[in-house]
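Structure assessment
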Amino acid sequence: MKLKILEIPHPLLREKSKEVERNDSSIKKLLEDMLETMYAAHGVGLAAPQVGILKRIVVIDVAREDEQPHPLFLVNPQIIEHSEETEECSEGCLSVPNQFAPVKRYVEVTVQYEDADRNMKQIKGDGLLAIALQHEIDHLDGIVFIDHLSKLRQKMILKRLEKNRKRKAMEEAE
Ligand code: NI
């Protein structure tokens, strides 16, 4: 089932998500729904608060369109190690539609998480995967990528979003 993706400035995107409890049997369905929602929106990552659920759950798939899908389900993920080195790369977010800006991130991170069957796992990623892991885990703490930008840049993005929304509303009204 496709879920509705919340966009900024929705207040739920600013909340800290809760650890998923051991006996929570709702997460398998949620993970599938989140993956479907992410693929439909052509995203590489989606965190549960983006669909209005304040649980520490993330789905990621950084495979290119011409590659086999390679979905990752992460429950209660946390960064346990990271490189000293950082790099600035352009980022976007399904909750900040069509807006992109450079964000500084660790080049490599190691994340500990539970998979869909609640087995403890670790994953080490660099490149796009490292960015996606940091971006999505930020969401679980109520942090959106624009928070890493200057106030001026944040204002510009919010303004453009507002403009796009108004235009869309007008087009729909015609
Ligand atoms: Ni995002």
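Quantities reported herein were computed from a predicted structural model and do not represent experimental measurements. (Residues numbered from 1 in each chain as written. Predicted model: local features only at pLDDT ≥ 70, side-chain atom pairs only at ≥ 80, totals over all residues. Heavy atoms only, no water.)

Moving on: the pairing of strand S2 (residues 57–60). Regular strands place side chains that alternate from one sheet face to the opposite one. Side chains of S2 alternate between two faces, with Ile57 and Val59 and Val58 and Ile60 buried alike. Strand direction decides the pairing type here: strand S1 (residues 45–47) and S2, joined by three bridges, are antiparallel. In the strand pairing of S2, Ala47 is matched with Val58. (Buried < 20%, exposed > 50% of the residue type's maximum accessible area, 1.4 Å probe, protein only. Helix = DSSP H or I, 4+ residues; strand = E, 2+ residues; numbered from the N terminus. Pairing = 2+ DSSP bridges.)

Looking at the nickel ion, one finds its protein donor set to be Cys93 (SG), His135 (NE2) and His139 (NE2), positioned 2.1 to 2.2 Å from the metal centre. Sequence positions of the residues that donate to the nickel ion give the spacing C-x41-H-x3-H. With His135 and His139 both in helix H2 (residues 127–140) and four residues apart, this pair spans about one turn of that helix. Side by side, His135 and His139 carry an identical accessibility label, which is buried. (Donors = N, O, S within 2.8 Å, 3.2 Å for Na, K, Ca; no water.)

Right, let's get into the sheet that holds S2. The pairing of strands in a sheet comes from backbone hydrogen bonds and takes either a parallel or an antiparallel form. Taken together, five strands build an open sheet; the order of strands is S1-S2-S3-S6-S7 and the sheet is antiparallel. Lying at the two open borders of the sheet, with one neighbouring strand each, are S1 and strand S7 (120–126). On average, each strand axis in the sheet is inclined to that of its neighbour by 40 degrees, with strand direction left out of account. Where H2 meets the sheet, its contacts fall on S1, S2, strand S3 (72–82), strand S6 (108–114) and S7, and the angle it forms with S7 comes to roughly 125 degrees. (Axes fitted to C-alpha atoms, helices over the stretch in contact; angles between N-to-C directions. Contact = heavy atoms within 4.5 Å.)

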